[in-house]
There are 2 protein chains.
Amino acid sequence: MKELPTIQANVCCGLATGVIDETDAARIAPMFKALGDPVRLRLAALIASQTEMCVCELTPQFELSGSTISHHLRILREAGLIDGERRGTWVYYWIKPDALHALSALLQPTPATA
Amino acid sequence: MKELPTIQANVCCGLATGVIDETDAARIAPMFKALGDPVRLRLAALIASQTEMCVCELTPQFELSGSTISHHLRILREAGLIDGERRGTWVYYWIKPDALHALSALLQPTPATA
DNA sequence: ACCTTGAATCGACAATCATCGAAACAGCAT
DNA sequence: ATGCTGTTTCGATGATTGTCGATTCAAGGT
């Protein structure tokens, strides 16, 4: 689990609020992309359903190899949606609520302009 | 512009609310996936910024071929995020607010369980 | 009828992706 | 030290994707 520069969850200018410029789009799209895979969506939901979750609990929920699960967790982490750390033998991941809120706000009708 | 069966925007069991089963994940993930490309994210935001928008207005906003824009619009439409119709020479697209709301709710902390 | 313009489809191609098994790494317990 | 188990990384592979240009389709105008 190397150190990874993660995407800033600094989401401005909502989708329903207004236009998104090229730079913002490049920053935000990877977050949606990360949620755009069924396995990762379920992983994120599982992780969000608890304050934190061990990889050893996550993996058996899928009929996929451990390396594939690890790969998906990395993508969710690089997207800034989750974070994690090793504690002894096991690795735990938790959701980053700010990122979720930011995306949620982005999709909301008219948060500020109303 | 052929007829296309679009995805049901019937989003239940939020990501922050609880677990998402395999079937729901398969139904919802394509929506996030559609927003997971910078060009499509900007397209969606542009379309959402007006009640409707002509392809002829959309295309010049990007340094991409018309066929590429058309391709991305199709993906957004198949994901159920936008809809459109031809009126004479031009084709207009509009956002489907319900789909956006559904995704937004999915990402919200605790919509109902709070 | 014909041509022009806006948009979608087709066919192709390089790039990215999801997945796996094997190998490497990190802790812990003998 | 040695081995065992959980997790990540590496390398490979088949599938999907974003993009283009060429073609086709739709609707108007002449």
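Scroll up to find the structure this text is about.
Only a predicted model underlies this, so the values are computations on that prediction, with no experimental measurement involved.

Trainee: Please explain the state of the cysteines as it appears in this structure.
Mentor: Structurally, a disulfide amounts to a covalent bond that connects the sulfur atoms of two cysteines. All names here are of chain A. Using the criterion set out here, one finds two disulfides over all chains in the structure. Shown here is the disulfide that connects Cys54 with Cys56, its sulfur atoms set 2.4 Å apart. Given an S-S torsion of about 130°, the disulfide between Cys54 and Cys56 has right-handed geometry. Since its relative accessible area comes to 2%, Cys54 is described here as buried.

Trainee: Would you mind going over the protein's contact with DNA strand C with me for this structure?
Mentor: Around DNA strand C, the structure places 26 residues, and the nearest of them are A:Thr68, A:His72, B:Ser67, B:Ser70 and B:Tyr93. Between DNA strand C and A:Thr68, the relevant distance is 2.7 Å, taken from a phosphate oxygen to a side-chain nitrogen or oxygen of the residue. Measuring from a phosphate oxygen of DNA strand C, one finds a side-chain N or O atom of B:Tyr93 at 2.7 Å. Residue assignment for the surface near DNA strand C shows that the elements contributing at least two residues are helix 4 (66–78) of chain A together with helix 3 (55–58), helix 4 (66–78) and strand 3 (90–95) of chain B. Considering every element that reaches the surface near DNA strand C, the biggest residue donor is helix 4 of chain A, with five residues.

Trainee: For this particular structure, what's the right way to read the environment of B:Leu58?
Mentor: Residue and element names in this part refer to chain B. Summarising the element assignment, Leu58 is placed in helix 3. Sequence spacing of Leu58 and Ile69 is eleven residues, and the spatial spacing of their C-alpha atoms is 8.2 Å. If near-sequence neighbours (up to four positions away) are discounted, Leu58 is found in contact with Leu43, Leu46, Ile47, Met53 and Leu73.

Trainee: How should the sheet that holds strand 2 (residues 82–87) of chain A be read in this particular structure?
Mentor: What links the strands of a sheet is backbone hydrogen bonding, and the strands pair in either a parallel or an antiparallel sense. Residue and element names in this part refer to chain A. Spatially, 1-3-2 is the arrangement adopted by the three strands of the open sheet, whose pairing is antiparallel. With one partner strand each, in any of the chains shown, strand 1 (53–54) and strand 2 form the two edges of the open sheet. Pairing of strand 2 with strand 3 (residues 90–95), which is carried by six bridges, proceeds in the antiparallel orientation. Paired with Glu85 across the strands is Tyr92, a residue of strand 3.

Trainee: Please explain the packing of helix 2 (residues 38–48) of chain A against helix 4 of chain A as it appears in this structure.
Mentor: Helices that pack against each other are described as a pair by the angle of their axes relative to one another and the distance between those axes. All names here are of chain A. Contact geometry for helix 2 and helix 4: axes closest at 10 Å, N-to-C directions at 75°. Of the possible angle classes, the one that applies to helix 2 and helix 4 is roughly perpendicular. Together, Val39, Arg40, Leu43, Ala44 and Ile47 of helix 2 and Ile69, His72, Leu73, Ile75 and Leu76 of helix 4 make up the contact between the two elements. Across the contact of helix 2 with helix 4, the residue classes tally to eight nonpolar, one polar and one charged.

Trainee: Help me understand helix 4 of chain B, please; the structure alone is not making it clear to me.
Mentor: Because an α-helix packs 3.6 residues into every turn, residues spaced three or four apart end up facing the same way. Residues and elements named next belong to chain B. Its 13 residues give helix 4 an end-to-end C-alpha distance of 18 Å, which sits within 8% of 18 Å, the value for a rise of 1.5 Å per residue. Restricting attention to buried positions, one finds in helix 4 the residues Ile69, His72, Leu73, Leu76 and Arg77. Along the axis of helix 4, the buried residues cluster in a sector spanning 140°; they form a single face. Those residues of helix 4 hidden inside the fold are in contact with helix 1 (22–35), helix 2 (38–48), helix 3, strand 2 (82–87) and strand 3.

Trainee: What's the story with the packing of aromatic side chains in this structure? I'm lost.
Mentor: Under the criterion given, the structure shown has one aromatic pair over all chains. Relative to B:Phe32, the ring of A:Phe32 lies with its centre 6.1 Å away and its plane at 15°, an arrangement referred to as stacked. Of this pair, A:Phe32 sits in helix 1 (residues 22–35) while B:Phe32 sits in helix 1, on two different chains. In this structure, A:Arg87 is placed above the aromatic ring of A:Tyr92, and the distance from its NZ or CZ to the ring centre is 4.5 Å.

Trainee: Would you explain the interface of chain B and chain A in this entry?
Mentor: Interface size is often expressed as the accessible area that is lost when the parts come together. Taken together, the contact between chain B and chain A spans 32 residues of the former and 32 residues of the latter. In total, about 2,600 Å² of surface goes out of reach between chain B and chain A, with carbon and sulfur atoms giving 76% of it. Among the residues chain B hides against chain A, the three largest losses belong to B:Leu15, B:Leu41 and B:Leu107. Together they make up 23% of the total. Remark: the boundary between chain B and chain A carries one residue pair in polar contact (both at pLDDT 80 or more). Those elements that provide at least two residues to the side of chain B that touches chain A are helix 1, helix 2 and helix 5 (97–107) of chain B. In terms of residue count, the dominant contributor to the side of chain B that touches chain A is helix 1 of chain B (eight residues).

What counts, and where the lines are drawn
- Residues numbered from 1 in each chain as written.
- Chains lettered and ligands numbered in written order.
- Predicted model: local features only at pLDDT ≥ 70, side-chain atom pairs only at ≥ 80, totals over all residues.
- Heavy atoms only, no water.
- Disulfide = S-S within 2.5 Å.
- Buried < 20%, exposed > 50% of the residue type's maximum accessible area, 1.4 Å probe, protein only.
- Near = heavy atom within 4 Å.
- Polar contact = N/O pair within 3.5 Å; in protein donor to acceptor, adjacent residues only side chain to side chain.
- Helix = DSSP H or I, 4+ residues; strand = E, 2+ residues; numbered from the N terminus.
- Contact = heavy atoms within 4.5 Å.
- Pairing = 2+ DSSP bridges.
- Axes fitted to C-alpha atoms, helices over the stretch in contact; angles between N-to-C directions.
- Parallel < 35°, antiparallel > 145°, perpendicular 65-115°, else oblique.
- Nonpolar A, V, L, I, M, F, W, Y, C, P; charged D, E, K, R; others polar.
- Expected span 1.5 Å × (residues − 1).
- Arc of directions from axis to C-beta.
- Phe/Tyr/Trp six-rings, centres within 6.5 Å; stacked < 30°, edge-to-face > 60°.
- Lys NZ or Arg CZ within 6 Å of the ring centre and 35° of its normal.
- Buried area = accessible area lost by both parts, 1.4 Å probe.

Read these as layout, nothing more, since geometry by itself doesn't imply function.
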